[in-house]
Amino acid sequence: QVQLVESGGGLVRAGESLRLSCVASGFDLSSNAMGWFRQAPGKQREFVARISSGGSTSYANSVKGRFTISRDNAKNTVYLEMNSLKPEDTAVYYCNRLVGSRTAIDYWGQGTQVTVSS
């Protein structure tokens, strides 16, 4: 059974940093591309970042240069390092397994709330 558990969110001020974690189970993380998504109140869920099984990364334009996605296959964990946070980054953040460039294939976990105050 696939399970994705996100953590690390919180309330921070603009310009500060957070690191999110996603612990995956039920599948071989090392063989899969993984992604981070976010959903702000009243908005649709949107793509944030992707990491391939080989470690190649890609980002939404809105976070490029500020966010870094990484993975530790030995720990079955995917990370999202978020720097220079802005109020518009406020959202619930989710991770998921990907097929193709940005298509999530598993049920969504509970996510982790990130709130950035101005």
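Everything below is about the structure printed above this text.
These numbers come from a predicted model, not from an experiment.

1. A word on the packing of aromatic side chains
Counting across every chain of the model gives three aromatic pairs. Look at Phe37 and Phe47: their rings are 5.9 Å apart centre to centre, the planes differ by 80°, and that puts the pair in the edge-to-face class. Taken as a pair, Phe37 in strand S4 (residues 33–39) and Phe47 in strand S5 (residues 46–51) lie far apart in primary sequence, 10 residues in all. Ring centres of Phe37 and Trp108 lie 5.2 Å apart, and the angle between their planes is 80°; on these two criteria the pair is classed as edge-to-face.

2. Concerning the state of the cysteines
Scanning the model with the defined rule gives one disulfide in all. One disulfide in the model links Cys22 with Cys95; its S-S distance is 1.8 Å. With the S-S dihedral at roughly 55°, the linkage between Cys22 and Cys95 falls on the right-handed side. Placement of Cys22 in strand S3 (residues 18–25) and of Cys95 in strand S9 (residues 91–99) is noted, with a sequence separation of 73 residues between them. When sorted by exposure, Cys22 lands in the same class as Cys95, which is buried.

Conventions we followed
- All residue numbers here refer to positions counted from 1 along the written sequence of the relevant chain.
- Predicted model: local features are reported for residues with pLDDT of at least 70 only, side-chain atom pairs are reported and counted for 80 or more only, and whole-chain, interface and lining totals are derived from all residues.
- Derived side-chain values reflect all non-hydrogen atoms in the structure, with water molecules and hydrogen atoms excluded from consideration.
- Only the six-membered ring of Trp is used, alongside the rings of Phe and Tyr, when aromatic pairs are assigned; centres must lie within 6.5 Å, and planes under 30 degrees apart are stacked while those over 60 apart are edge-to-face, with the rest tilted.
- What counts as a helix is a DSSP run of H or I of at least four residues, what counts as a strand is a run of E of at least two, and both are numbered from the N terminus.
- By disulfide we mean two sulfur atoms from cysteines, separated by a distance within 2.5 Å.
- Each residue gets one of three labels from its accessible area relative to the maximum for its type: buried under 20%, exposed over 50%, partly exposed in between, using a 1.4 Å probe on protein chains only.

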